Protein chains: 2
Amino acid sequence: MLSSLKRFLIGRPLKSTELGEQKLIKTKALAILSSDALSSVAYGPEQILLVLITVSAAAFWYSIPIAIGVLVLLFALISSYRQIIYAYPHGGGAYVVSKENLGIYPGLIAGGSLLVDYILTVAVSVSAGTDAITSAFPSLHPYNVVIAIVFVLCITILNLRGVTESASILAYPVYLFVLALFILMGVGLYKIATGAVLPELHTPIGTSVAGISLFLLLKAFASGSSALTGVEAISNAIPNFKDPAPRNASRTLIAMGSLLAVLFSGIVYLAYYYGITPKADVTVVSQIAEHTFGRGFMYFFIQGTTALILILAANTGYSAFPLLAVNLAKDKFIPRMFTARGDRLGYSNGIIILGLLSIILIVAFEGQTEHLIPLYAVGVFIPFTLSQTGMVVKWIREKPKGWVPKLVINSIGAVISFIVSLMFFLTKFQQVWSVLVFIPAIIYLFHRIRKHYEDVGDQLRLSTCEPAIPIEGNVIILPVAGITHVVENSLNYAKSLSPHQIIAVYVPFEREDELAFEEKWRKFQPDIRLVTLHSPYRSIIQPLTKFIDTVQRKAGASNYQVTVIIPQFIPKKGWHNMLHNQSSLLILTHLLYRKNVIITTVPYHLKK
Amino acid sequence: MLSSLKRFLIGRPLKSTELGEQKLIKTKALAILSSDALSSVAYGPEQILLVLITVSAAAFWYSIPIAIGVLVLLFALISSYRQIIYAYPHGGGAYVVSKENLGIYPGLIAGGSLLVDYILTVAVSVSAGTDAITSAFPSLHPYNVVIAIVFVLCITILNLRGVTESASILAYPVYLFVLALFILMGVGLYKIATGAVLPELHTPIGTSVAGISLFLLLKAFASGSSALTGVEAISNAIPNFKDPAPRNASRTLIAMGSLLAVLFSGIVYLAYYYGITPKADVTVVSQIAEHTFGRGFMYFFIQGTTALILILAANTGYSAFPLLAVNLAKDKFIPRMFTARGDRLGYSNGIIILGLLSIILIVAFEGQTEHLIPLYAVGVFIPFTLSQTGMVVKWIREKPKGWVPKLVINSIGAVISFIVSLMFFLTKFQQVWSVLVFIPAIIYLFHRIRKHYEDVGDQLRLSTCEPAIPIEGNVIILPVAGITHVVENSLNYAKSLSPHQIIAVYVPFEREDELAFEEKWRKFQPDIRLVTLHSPYRSIIQPLTKFIDTVQRKAGASNYQVTVIIPQFIPKKGWHNMLHNQSSLLILTHLLYRKNVIITTVPYHLKK
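Keep in mind that this is a model prediction, so the values were computed, not measured. (Residues numbered from 1 in each chain as written. Chains lettered and ligands numbered in written order. Predicted model: local features only at pLDDT ≥ 70, side-chain atom pairs only at ≥ 80, totals over all residues. Heavy atoms only, no water.)

1. Points about the overall build of chain A
Reasoning step 1: Along its length, chain A carries 22 helices and 5 strands.
Reasoning step 2: Relative to the compact-globule value of 25 Å for 608 residues, chain A shows a C-alpha radius of gyration of 33 Å, a clear excess of over 25%.
Reasoning step 3: A total of 608 residues make up chain A; the buried ones form 55% of that total.
Reasoning step 4: Within chain A, counting contacts between residues at least 6 apart in sequence, those at least 24 apart form 81% of the total.
Reasoning step 5: Put simply, chain A shows about 25700 Å² of open surface, and 65% of that area lies on carbon and sulfur atoms.
Reasoning step 6: For chain A, the separation between the mean place of its 48 positive charges and that of its 32 negative charges on side chains is 6 Å. (Helix = DSSP H or I, 4+ residues; strand = E, 2+ residues; numbered from the N terminus. Rg over C-alpha atoms; globule rule 2.2 N^0.38 Å. Buried < 20%, exposed > 50% of the residue type's maximum accessible area, 1.4 Å probe, protein only. Contact = heavy atoms within 4.5 Å. Areas by Shrake-Rupley, 256 points an atom, 1.4 Å probe, with all protein chains shown as cover. Lys, Arg positive; Asp, Glu negative; His and termini not counted. Charge placed at Lys NZ, Arg CZ, Asp CG, Glu CD.)

2. Examining the sheet that holds strand 3 (residues 529-532) of chain A
Reasoning step 1: Taken in spatial order, the 10 strands line up as 3(A)-2(A)-1(A)-4(A)-5(A)-5(B)-4(B)-1(B)-2(B)-3(B) in an open sheet, and their pairing is mixed. Strand pairing shows two members of the sheet lacking a second neighbour, strand 3 of chain A together with strand 3 (529-532) of chain B, which therefore form its edges. Taking each pair of neighbouring strands and ignoring which way they run, the sheet shows an average axis angle of 25°.
Reasoning step 2: When strand 5 (residues 598-605) of chain A meets strand 5 (residues 598-605) of chain B, the two strands line up antiparallel, connected through 3 bridges. Residue T600(A) lies in a different strand from strand 5 of chain B, and its bridge partner there is T600(B).
Reasoning step 3: Sheet contacts for helix 19 (residues 485-497) of chain B: strand 1 (473-480), strand 4 (560-570) and strand 5 of chain A together with strand 1 (473-480), strand 2 (502-506), strand 4 (560-570) and strand 5 of chain B; angle to strand 5 of chain B, the most-contacted strand, approximately 135°.
Reasoning step 4: Helix 22 (residues 583-594) of chain B rests against strand 4 and strand 5 of chain A together with strand 4 and strand 5 of chain B of the sheet, and its axis sits at about 150° to strand 4 of chain B. (Pairing = 2+ DSSP bridges. Axes fitted to C-alpha atoms, helices over the stretch in contact; angles between N-to-C directions.)

3. Brief notes about the packing of aromatic side chains
Reasoning step 1: Taken as a whole, this structure holds 23 aromatic pairs over all chains when the rule is applied.
Reasoning step 2: Pairing F297(A) with F301(A) gives two aromatic rings, centres 5.8 Å apart and planes at 15°, and the pair type is stacked. Here F301(A) and F297(A) lie together in helix 13 (residues 297-330), a separation of 4 residues that amounts to about one turn.
Reasoning step 3: On the basis of an interplanar angle of 10° and a centroid distance of 3.7 Å, the ring pair of Y506(B) and F517(B) is categorised as stacked. With a gap of 11 residues between them, Y506(B) in strand 2 and F517(B) in helix 20 (residues 511-524) connect regions that are remote in the sequence.
Reasoning step 4: Aromatic ring contacts, followed pair by pair, group Y81(A), F381(A), F384(A) and F424(A) into a single cluster.
Reasoning step 5: Above the plane of the ring of W403(B) lies K399(B), whose end atom (NZ or CZ) is 5.7 Å from the centre. (Phe/Tyr/Trp six-rings, centres within 6.5 Å; stacked < 30°, edge-to-face > 60°. Lys NZ or Arg CZ within 6 Å of the ring centre and 35° of its normal.)

4. Quick look at the interface of chain A and chain B
Reasoning step 1: Facing the 75 residues of chain A at the interface are 75 residues of chain B.
Reasoning step 2: For the pair chain A and chain B, the summed buried surface comes to about 6600 Å²; carbon and sulfur atoms form 60% of the total.
Reasoning step 3: Here chain A is connected to chain B by 0 salt bridges.
Reasoning step 4: For the pair chain A and chain B, the number of links is 15 residue pairs in polar contact (both at pLDDT 80 or more).
Reasoning step 5: Elements supplying a minimum of two residues to the side of chain A that touches chain B: helix 18 (434-460), helix 19 (485-497), strand 4, helix 22 (583-594) and strand 5 of chain A.
Reasoning step 6: At 9 residues, the largest contribution of residues to the side of chain A that touches chain B is made by helix 18 of chain A.
Reasoning step 7: For the side of chain A that touches chain B, the per-class residue count stands at 39 nonpolar, 20 polar and 16 charged. (Buried area = accessible area lost by both parts, 1.4 Å probe. Salt bridge = Lys/Arg side-chain N within 4 Å of Asp/Glu carboxyl O. Polar contact = N/O pair within 3.5 Å; in protein donor to acceptor, adjacent residues only side chain to side chain. Nonpolar A, V, L, I, M, F, W, Y, C, P; charged D, E, K, R; others polar.)

5. Notes on the confidence of the model for chain A
Reasoning step 1: Of the residues in chain A, 98% reach a pLDDT of 70 or more, and the chain-wide mean stands at 87.
Reasoning step 2: Interface confidence for the predicted complex, given as ipTM, is 0.80, next to a pTM of 0.78. (pLDDT = per-residue confidence, 0-100.)

6. Regarding a nonpolar patch on the surface
Residues and elements named next belong to chain A.
Reasoning step 1: A cluster of nonpolar side chains, namely F215, V415, F418, I419, L422 and L426, defines an oily patch on the protein surface of about 560 Å² accessible area.
Reasoning step 2: Ranked by residues supplied to the nonpolar patch, first place goes to helix 16 (residues 403-427) with 5 residues.
Reasoning step 3: By the element assignment, L422 lies in helix 16. (Patch = residues over 30% accessible without salt bridge, like charges linked within 9 Å, V, L, I, M, F, W, Y side chains within 5 Å.)

7. Notes on the relation of the copies chain A and chain B
Reasoning step 1: Laying chain A over chain B is done by rotating through 180° and shifting 0.0 Å along the axis; what remains is an RMSD of 0.1 Å. Here the copies are linked by what is in effect a two-fold axis. When C-alpha distances to the rotation axis are compared across chain A, the minimum falls at T600(A), with a value of 2.0 Å.
Reasoning step 2: The fraction of interface residues of chain A whose copies in chain B are also interface residues reaches 100%, indicating that both copies meet through the same surface. (Least-squares fit on C-alpha atoms with pLDDT ≥ 70 in both.)

8. With respect to helix 9 (residues 214-225) of chain A
Residue and element names in this part refer to chain A.
Reasoning step 1: Across its 12 residues, helix 9 extends 16 Å between first and last C-alpha, which sits within 8% of the 16 Å expected from 1.5 Å per residue.
Reasoning step 2: The set of residues buried in helix 9 consists of L216, A220, F221, A222, S223, G224 and S225.
Reasoning step 3: Turning to helix 9, the residues buried within the fold contact helix 3 (44-52), helix 4 (63-87), helix 11 (245-274), helix 15 (373-398) and helix 16. (Expected span 1.5 Å × (residues − 1).)

9. Considering the packing of helix 15 (residues 373-398) of chain B against helix 16 (residues 403-427) of chain B
Packed helices, taken two at a time, are described by the angle their axes make and the gap between the axes.
Residue and element names in this part refer to chain B.
Reasoning step 1: Orientation of helix 15 relative to helix 16, taken along the N-to-C sense of each, is 155°, at an axis distance of 8 Å. When the interaxial angle is binned, helix 15 and helix 16 end up roughly antiparallel. Crossing hand, helix 15 versus helix 16: left-handed.
Reasoning step 2: Broken down by class, the residue content of the contact of helix 15 with helix 16 amounts to 17 nonpolar, 8 polar and 1 charged. (Parallel < 35°, antiparallel > 145°, perpendicular 65-115°, else oblique. Left-handed = near helix turned anticlockwise from the far one by under 90°.)

10. A word on the packing of helix 21 (residues 541-557) of chain B against helix 22 of chain B
All names here are of chain B.
Reasoning step 1: Remark: helix 21 packs on helix 22, axes separated minimally by 11 Å, with the N-to-C direction vectors making an angle of 45°. For the element pair helix 21 / helix 22, the angle class is oblique. Along this stretch, helix 21 crosses helix 22, giving a crossing that reads as right-handed. The residues of helix 22 that touch helix 21, namely those facing I541, L544, T545 and I548, are L586, I587, H590 and L591.
Reasoning step 2: A per-class count over the contact of helix 21 with helix 22 returns 6 nonpolar, 2 polar and no charged.

11. Brief notes about the environment of A340(B)
Residue and element names in this part refer to chain B.
Reasoning step 1: Looking at where A340 falls in the secondary structure, it is placed in the loop between helix 13 (297-330) and helix 14 (348-364).
Reasoning step 2: Owing to a relative accessible area of 33%, A340 belongs among the partly exposed residues under this scheme.
Reasoning step 3: Measuring from C-alpha to C-alpha, the distance between A340 and A329 comes to 10.0 Å, with 11 residues separating the pair along the chain.
Reasoning step 4: Apart from the residues within four sequence positions on either side, A340 is in contact with G346, Y347, S348 and N349.

12. Comments concerning the side chain of N101(B)
Reasoning step 1: Note that N101(B) resides in helix 5 (residues 93-102).
Reasoning step 2: Ignoring anything within four residues of it in the chain, the contact list for N101(B) reads Y88(B), G390(B), V393(B), K394(B) and R397(B).

Right under this line is the structure:
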């Protein structure tokens, strides 16, 4: 039943050799890997205006130079990540780059931030998209959290089905969103050009504004830079591309950067020219759309595709998180299970964990994840800074042909990213301070995990271990609960292994019971030694383990191995298990984890 | 850690021989077994008035004859249960009496209703008590459910500590409540006698009232009878009494009956004389107290002890449920685990299950359990009717000395109880219909459980089974995941059991891996046969079980037994388990439940 449900949801299992068919072509890759970055256009320009409005509406013209700054940063980031893709064609992005060039700690800081960041991406973007939907249908508002969870589950299942299948489905909304914004910008610019929009709506560029400061401008710049989150996703996901993977990834990255640049500048310019002021309950994009089209079909088309792309931005997390996790797991910093491919050849453990953790975040914040946005942005700019600094170090160290312009690009990127990160700490400290707690915590955890794997490796390696002590013979302990067919069965097996060293053990709770059982046993198996252990506190495990200890001490002296045979009867139907005391299972787990004793389970399958 | 928390909460374990010290003296038994019955005085009289008010306030005088009817029923029930106690000194009450005299189905109907009823007792009385408290402190109102759950947990823990300890703590509030009501009645009657209360407040007895009908009077009578729920508890709990248990139980029962009769008649009479009309937000007892004392200390004392006893009424369920469960479990109708005594010699599984189920009820009904009261009353009167009919049958069948008066008493009890049950169905059908669903469902479940236990017994009994086939030799299958110390260890053990019949099995996911491993194995253990099972779908269990099937078929032909040895390494710390894929455990459970194969677990304890 369960397995057919699984088949229905995620499809038939794929052979390992079918991996090639699960690779992405450029247009699909662009759709699923850039949804996060492109969706930021829906809120990035607004963030700039929200800072400027604290001075006055006259300051809005500053959004133009700030946007140019963001575009410079975007250009630096795209160029830098293009270089990273070619330099590290197996993916891993910021983590691998920082680790190789700056050392293990910067690598872990980058990897840890990104790991947390992808969880935030999923939670924040699904919550934002759900908000957009429930604002349109207010009767759904009380079910915000449930709706968000359903979306996360759907995206998780889509990703478990495999990356190509999710790409096929998710590509439409992404391209529709891009199309919608292009139409908006085209019509808007046409109206401006034909003079249909009054130029009095905005203050001219260069107007002097009282109260403006460099600090404020930097703050506005940092806020606007949140539109650039998600540009690193492609460099993490190179292994998902069709061959030649690095070239395809690099072209996709450039396509994404160009789209992002055009959309971002278009929205900023229209907002400036229309003189739009951010409002609490209507987004800037929505205001532009209303100015341009009125509340007609195009307005709702733009609103609808915006809500969709906000939700789908989550998918970028699903593409990048499992691959980053594979890289960390290969280096033994997180559990090995993240490297296992699931039935559909995706790294299903990473996908499932990502879904689970983001659902936990959504539930914990009751769907109100807006105040996680600064945290999320800082979690992106720290790895940006580290990876580009890493590239700077690489160029200086290796000095390949034509390294100077590359160095310049990466240096500019590193400096700007660093300034942005710093601005987040300076201006939004009470929202981002937790980064200073959880990054060290994650790194400590990474190290503990790595240490454990290394310890295990040391202990298992044959060369470093003392040779095993040869086993001279076996002593078998057989706990019995009565004289039944189950016991007879187990006893037969014990005799086949070691006929002369069998001890049956019975644990009576009452004295009378003890004698009666000894009597019965003498008739049943006179040749097998029976030990009874009276248990006044009605515990079976305690006297039994004490007895095993004694036997083990004696047996150990002559290199005999002690085996405990546990008869276990298996009922025909699952619910029958509730009707039995499961003492066998309790004894099994207790002995296995506490004692160094071999345990043999002899099943007795009930037939009815 | 967990076990020291357990020690702290419930105390040190007790030896089986200390059972005698856990028995109850009469005064303590009265306190914990009659809290349910006595607490009903707080709402029983009100139930009568609530029915009469539907005609007019003039009809209130009918409460006096109705109360006399309730007293007759009480007398019949007490006399009858007294006879049951002597006839069935091992407890079990309605279940045992009905089963022995009327047959298995009436017994199960009685037992099933009571089992459900005790869960309802706990949920309803704790919710009612919590309501009384939060009415006094309205700021606590939003936490109703949480407070109720905390109370259930406290009572559960008290009962797990043992019946004498809970009796010592719970006796005070019960006796304080009785004292409070006696003072109330004394002062009230004194005021009436001295003429301080005007006699015009009530209509005289015998006034003719328009619209009164026999049906209405019977309905009022049935509602008033809900004050008698809980009188059967003592007959269930005889084994908890100090010796001579039946005599002590019988005296306690009579004491309880007398107290109940006095308190019930007193409250009904005062309510009638004061002319009290039931109100939505002030209880009848509270109105009487206010009339008598004003809102002074005594008023709040009465309110406080009432709230307490409502909560403690739950304890009656805790005393009776586990003992009823033991009786049902001994007859194999419910899981055997209910017969096991816990560390403190109480039937702890019954106590825990009762606590859990009532918490589930409280949560499901969000603490609004009032509409469960009729269900709860009908669940008591069905067993009342059955047990007394059972006694009637017994007297007719056995005809002991002086059986005629006994027969009369039980017959009256049976008829009145039957009428009350019927009235519940006729007048409150939409609240009690579910009894008609869940009683058959429970009986069906009882039978399925019994059938399973009987099937198991048949299969395990030696005489009825075919003799076990002798084992000629052993074939050992050893799944290996690499060449490590763990594998070497398991291999040594396998060699000590059956040096010539060992097959190592390796499941590679990739073809290259297969050849490389075979190569390495030839160097490591050239004498041990290695089988590699390439698994294109990356499943270990599937190819392994298929292989085991093949081996088993061949081995079975020559009476060889197949044993699978599973190397399991045990990390030093619990959390380390998360870092390993637990394939061993997965294979173990899968093989154990699906295949008839013997499984030996060779632990390898990591040292760091």
